[in-house]
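This is what each chain is made of:
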Amino acid sequence: MRRLLAKDWLIGLLAAGLAAAPAVSQPAASEEGPGPLAPRDECTGLPGYAEFHQRLERAITLRDADALIALTDRNVTLDFGGGSGVEELRKRLDGGAYNSWRDLAEAVRLGCGIGKGAAQGPDYIAFPWYFTKTFGGEVFETVIVTGVDVPLRFAPAEDARVIERISWDWALVRYDDQYVDGPEEPDQQTGYQAVITQDGAAGYIADHALRSIVDYRIAVNRVDGKWTITAFVAGD
C-alpha cells in the first residue's frame, strides 16, 4: 500500500511539473559554471547519496542494465501513458525509438537537486537538479540555454548579428516565429529556435544549445531508507 500511494503521489508531482512561477532563486550549493541554471550537485552530503550516485554513474557508463535496475523501483514510471516497470525499462535502454542510456547520462550530467516544499518532501531528489525548482513560463514553451555565452542572434543563421549572449538560463520559445517564411515545412527548418529572453530580447538560438524543461528527468525517492529511481520520464 505504501508503494502504491507513493507512486500515485509521484505521478501527480511529475504531471504538475514546472508550472508557471517566478525565476529560480540561487541555491546554496556551489555552481559548476556561470549562469543561474548551470550544472551543480545539491545532493552531496545527503545520507547514502554518494554511494547511490557512484553506482548510477557506473551503471550508465558501462551500460549495465542489471546494475541500473538494482537501483530502480520495480514499478518505475516511464511515461504518462501507462508505461512502467523495470522490464519495460530494460527494453527501452537499447531498442526501438528510445535511446535511454544517452538520456540517462545527460540528465545525470546536469546535476542533482533536492526536493523542497510540501509537494515534494524531504526524501525526493531529481536529475537534472533544476527540475526540483519552479521557474519559467508554460512548461512546453520553457527551454534551458545549455552553455556559456550562447549567442542570441537576430536571424536564424550562423552569421547573423548577435543581440546578446546567454549563459545557463531559461528562455521561452516563440512558436509563432519559428519559421521565417511561413508554416513549418521540412526544407524551412533552420537549426534554430525563435525565443524570447527574460529581459524581453527576441531572437534565435541554435537547437543544440537548448533543452526543453520537460526533457528527460530522473526522479529518485528514499524508499525504506534507500535512494531508489521511481521515474524516468519526459513530457508533462
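What counts and what doesn't
- Sequence positions are assigned chain by chain, starting from 1 and proceeding in written order.
- Under the rules for a predicted model, residues below a pLDDT of 70 receive no local features and side-chain atom pairs below 80 are neither given nor counted, while totals for whole chains, interfaces and linings still include all residues.
- Note that water and hydrogens are dropped before the side-chain values are worked out from all heavy atoms of the structure.
- Numbering of helices and strands starts at the N terminus; helices are DSSP runs of H or I of at least 4 residues and strands are runs of E of at least 2.
- Any two residues whose heavy atoms approach within 4.5 Å are treated as being in contact.
- Only the protein chains shown count as cover for residues, with accessible areas throughout obtained via the Shrake-Rupley method and a probe of 1.4 Å.
- To sort residues, take the accessible area from a 1.4 Å probe on protein chains only and compare it with the maximum for the residue type: under 20% means buried, over 50% means exposed, and anything in between is partly exposed.
- Strand pairing is assigned whenever DSSP identifies at least 2 bridges connecting the two strands.
- Pairing of aromatic rings covers Phe, Tyr and Trp, the last through its six-membered ring, and needs centres within 6.5 Å; plane angles under 30 degrees mean stacked, over 60 mean edge-to-face, and all others mean tilted.
- Orientation is described by axes fitted as lines to C-alpha atoms, over the contacting stretch for helices, and by angles from 0 to 180 degrees between their N-to-C directions.
- Take the buried Ala, Val, Leu, Ile, Met, Phe, Trp, Tyr and Cys residues and link them wherever side-chain atoms come within 4.5 Å; each set so joined is a nonpolar core.
- Contacts described as polar in this section are N or O atom pairs within 3.5 Å, which, within protein, must combine one atom able to donate a hydrogen with one able to accept it, while residues neighboring in sequence count only if both atoms come from side chains.
- This arc corresponds to the set of directions leading from the helix axis out to the C-beta atoms.

## A closer look at the overall build of the protein chain
Each helix and strand in the protein chain was counted, giving five helices and twelve strands. In the protein chain, of all internal contacts separated by at least 6 residues, the share reaching a separation of at least 24 is 60%. Summed over its atoms, the accessible surface of the protein chain is roughly 11700 Å², and 52% of this surface lies on carbon and sulfur atoms.

## Here we look at the pairing of strand β12 (residues 226-233)
Summarising burial for β12: seven of the eight residues are buried, a large majority. Note: strand β1 (residues 72-77) against β12, two bridges, orientation parallel. Each residue of the ladder has a partner; that of T72, found in β12, is I229. Pairing of strand β11 (residues 217-223) with β12, which is carried by seven bridges, proceeds in the antiparallel orientation. Opposite V220, over in β12, you have I229 as the bridge partner. Between the antiparallel neighbours β11 and β12 lie two residues, among them D224 with a positive phi of about 50°.

## Digging into unusual backbone geometry
As a rule of thumb, non-glycine residues mostly have phi less than zero, and peptide bonds are mostly trans rather than cis. The step from F127 to P128 runs through a cis peptide bond, and the omega angle for that step is -5°. Tracing the chain through its elements places P128 in the loop between β3 (124-127) and β4 (142-145). The backbone of D149 shows a phi angle near 55°, a positive value even though the residue is not glycine. Unusually for a residue other than glycine, D224 sits at a positive phi of about 50°. Following the sequence through the fold, D224 ends up in the loop between β11 and β12. With a relative accessible area of 54%, D224 lands in the exposed category.

## Some remarks on the pairing of strand β5 (residues 150-153)
Residues V150 and L152 line one face of β5 and the alternating positions P151 and R153 line the opposite face, and both faces are buried. Note that β5 and strand β6 (residues 162-166) share four bridges and pair antiparallel. Paired with L152 across the bridge in β6 is E164.

## Re the packing of aromatic side chains
Counted by the stated rule, this structure contains three aromatic pairs. Taking the centre distance of 6.4 Å and the plane angle of 75° together, the rings of W129 and Y130 count as edge-to-face. Per residue, the accessibility class of W129 equals that of Y130, and both read buried. Given the relative accessible area of 1%, Y130 is considered buried. Taken together, the ring pairs connect W129, Y130 and F135 into an aromatic cluster.

## Describing the sheet that holds β1
Within the open sheet, the five strands sit side by side as β1-β12-β11-β3-β2. Their pairing is mixed. One side of each edge strand has no neighbouring strand; the edge strands of this open sheet are β1 and β2 (113-114). Its contacts with the sheet place helix α2 (residues 49-62) against β3, β11 and β12, and it is angled at close to 30° to β3.

## Considering the nonpolar core
Residues F52, L56, L68, F127, I218 and I229 are the most contacted members of the largest nonpolar core, which totals 28 residues. For this core, the elements supplying multiple residues, two or more each, are α2, α3 (65-69), α4 (86-94), α5 (100-109), β3, β11 and β12. By residue number, the principal contributor to this core is α2, which donates five residues. Setting aside chain neighbours within four positions, we find F52 in contact with L71, F127, V220, W227 and I229.

## Let's talk about the side chain of N221
Note on placement: N221 falls in strand β11. By relative accessible area, which is 12% here, N221 ends up buried. Here the side chain of N221 touches T230 through a polar contact of 2.7 Å, side chain to side chain.

## A closer look at α4
V86, L89, R92 and L93 are the residues of α4 that are buried. Along the long axis of α4, the arc covered by the buried residues comes to 115°, so they all point the same way. Those residues of α4 that are exposed and angled more than 90 degrees off the buried face are K91 and D94. Next to the buried residues of α4 lie α3, β1, α5 and β12.

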